[in-house]
Amino acid sequence: MVRVMKVVKKKKLKPVYIKTLKIIGIILLVVLGLFLFYLKQINDLTRLGYSKIASRNILFSFKKDYVMSLGENKTLNKAFESKDYVEDNLEFYRKIKYVDHKNLIKNINKLLEVGYSPNDINIIITHGSDDAVERFSKREKIKYLEEFFSVSYAKLDNYDRYVNYSMETGEDEDLTVLYVNLDLDLNDYENSVEVKDFSLTMLVNKHRHLNEDFEPNDLVKIDSDYASSDDLYCSRLALNAFKKMSEAASKEGYSIIINSAYRSYQDQVDLSDLYLRTYGQNYVDKYVAKPGYSEHQTGLAFDIGSLNTNVFANSKEYVWMKDNAHKYGFIERFQKKYESITGFRSEPWHYRYVGVDVATAIHDEDMTLEEYYMINLDK
Ligand code: ZN
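About the thresholds
Residues numbered from 1 in each chain as written. Predicted model: local features only at pLDDT ≥ 70, side-chain atom pairs only at ≥ 80, totals over all residues. Heavy atoms only, no water. Helix = DSSP H or I, 4+ residues; strand = E, 2+ residues; numbered from the N terminus. Rg over C-alpha atoms; globule rule 2.2 N^0.38 Å. Buried < 20%, exposed > 50% of the residue type's maximum accessible area, 1.4 Å probe, protein only. Contact = heavy atoms within 4.5 Å. Lys, Arg positive; Asp, Glu negative; His and termini not counted. Charge placed at Lys NZ, Arg CZ, Asp CG, Glu CD. Donors = N, O, S within 2.8 Å, 3.2 Å for Na, K, Ca; no water. Pairing = 2+ DSSP bridges. 1 Å grid on protein atoms, 1.4 Å probe; cavity = no way out; pocket = protein on both sides within 12 Å on 5 of 7 lines; lining within 4 Å. Points joined across faces, edges and corners; volume = space filled by probe spheres on them. Nonpolar A, V, L, I, M, F, W, Y, C, P; charged D, E, K, R; others polar.

J.: Explain the overall build of the chain to me, and be specific about the residues and the numbers.
T.: Looking only at helices and strands, the chain features 19 helices and 8 strands. Scaling as 2.2 N^0.38, a compact globule of 379 residues should have a C-alpha radius of gyration of about 21 Å, whereas the chain reaches 34 Å, well beyond that. Counting only C-alpha atoms, the chain reaches 125 × 60 × 35 Å along its principal axes. Counting all 379 residues of the chain, 45% fall into the buried class. When contacts within the chain are restricted to residue pairs at least 6 apart in sequence, long-range pairs at least 24 apart make up 55% of them. Across the chain, the mean location of the 52 positive side-chain charges is 20 Å away from that of the 58 negative side-chain charges.

Below you can see the structure in the form of structure tokens.
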């Protein structure tokens, strides 16, 4: 009886509430459905390689099918992430190879405005930093873009100097780019770059100097067996390599010795003064590197002598070094045929330690450290 009463007493919801609940239920289902659909779409794009932000922007600009048909494209990803995205440029973005520049899309927009094709833009953005591309995008359109930028290490910022240099000298684009990048279109010591990458391959010459305070961090005294005087110092790595080379030479009947090695900035000042008093200003300007501009400050350069003759260039040791020095990581740094690139007159006795791999590449390609550096290391 009690149970029956309970059933009878149970309140019924009014029809209007039921209807409201139904509507809410349907709305929730639709929202859930839409949300799942949205997640699926985002998921499709992220699986293809697009970021969450890019995927969301692709969906909301109704470009999903377009993007899906193209597959992964890093430039498009960057475009859809960027506030600089311009829908009219979409077809161009996809044709431009991605480079990791902060303002890539902004710069592409500007370059398109100037009138460059996607192919031109590919060339431009791979030859300079973000800032260099931005500067370049403010120039009027350049007609013969490929003339200099077909050289892989040509720099956007040097464009005007390439044009001037090639007009003045008539050199082809390869030499023009090399010479200008090395600042050989400037006077010696003019606007010189301070060297900061203190590695085995650091490039020090009349356009790239070391700070007054620079000193190698692994300086060691050279054992008297290997040196012509007992107060010579150099980098430990270079010395170890020299010892190996000297032992190999000695086994074949040759005797090489170190006549000069590390020279501090102050040593170079003193040396210049000495030569100035002895031979005069002209001689110093021509033959003595200014303090900071001598490779000897790196601790990686040696002036090598033969124990058999005073003139190293005439020694059988020099001939042996030509064929073997690179196997121990050394290069003959200032050859006669390369005077116009190195900026130093021929010094057959001056060797530079760069490590076996680089020395071998330089030897095999028959090039200078300047060229090797520009082609492979200059960033
Ligand atoms: Zn030297």
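J.: Give a detailed account of the coordination of the zinc ion, specifying residues and quantitative values.
T.: In this structure, H296 (NE2), D303 (OD) and H350 (ND1) serve as the protein donors to the zinc ion, at separations of 2.0 to 2.1 Å. Written as a sequence motif, the donor arrangement for the zinc ion is H-x6-D-x46-H. One end of the pair, H296, is in the loop between α15 (281-287) and β6 (301-306); the other, H350, is in strand β8 (residues 347-353), and 54 residues separate them in sequence.

J.: An account of the pairing of strand β5 (residues 256-260) is needed here, citing residue identities and associated values.
T.: Counted residue by residue, β5 has 4 buried out of 5 residues, so it is predominantly covered. Pairing of β5 with β6, which is carried by 4 bridges, proceeds in the antiparallel orientation. Bridge pairing in β6 links I258 to I304.

J.: Quick rundown of the pairing of β8? Include the residues and the values.
T.: With 6 of 7 residues buried, β8 lies mostly within the body of the structure. Across 3 bridges, β6 lies against β8 in antiparallel orientation. Each residue of the ladder has a partner; that of A301, found in β8, is R352. Relative to β8, strand β7 (residues 330-334) is paired through 4 bridges, and the arrangement is antiparallel. Residue F330 lies in a different strand from β8, and its bridge partner there is Y353.

J.: Report on the layout of surface pockets, specifying residues and quantitative values.
T.: Each pocket or cavity is described by its volume, and for the largest pocket that value is around 490 Å³. If you trace the largest pocket, you find 25 residues lining it, with R263, Y287, D303, E347 and W349 closest to the centre. Of the residues belonging to the lining of the largest pocket, the class tally is 10 nonpolar, 8 polar and 7 charged. Of the volumes computed, that of the second largest pocket is approximately 280 Å³. If you trace the second largest pocket, you find it lined by I125, T126, H127, G128, S152, Y153, A154, K155, M374, I375, D378 and K379.

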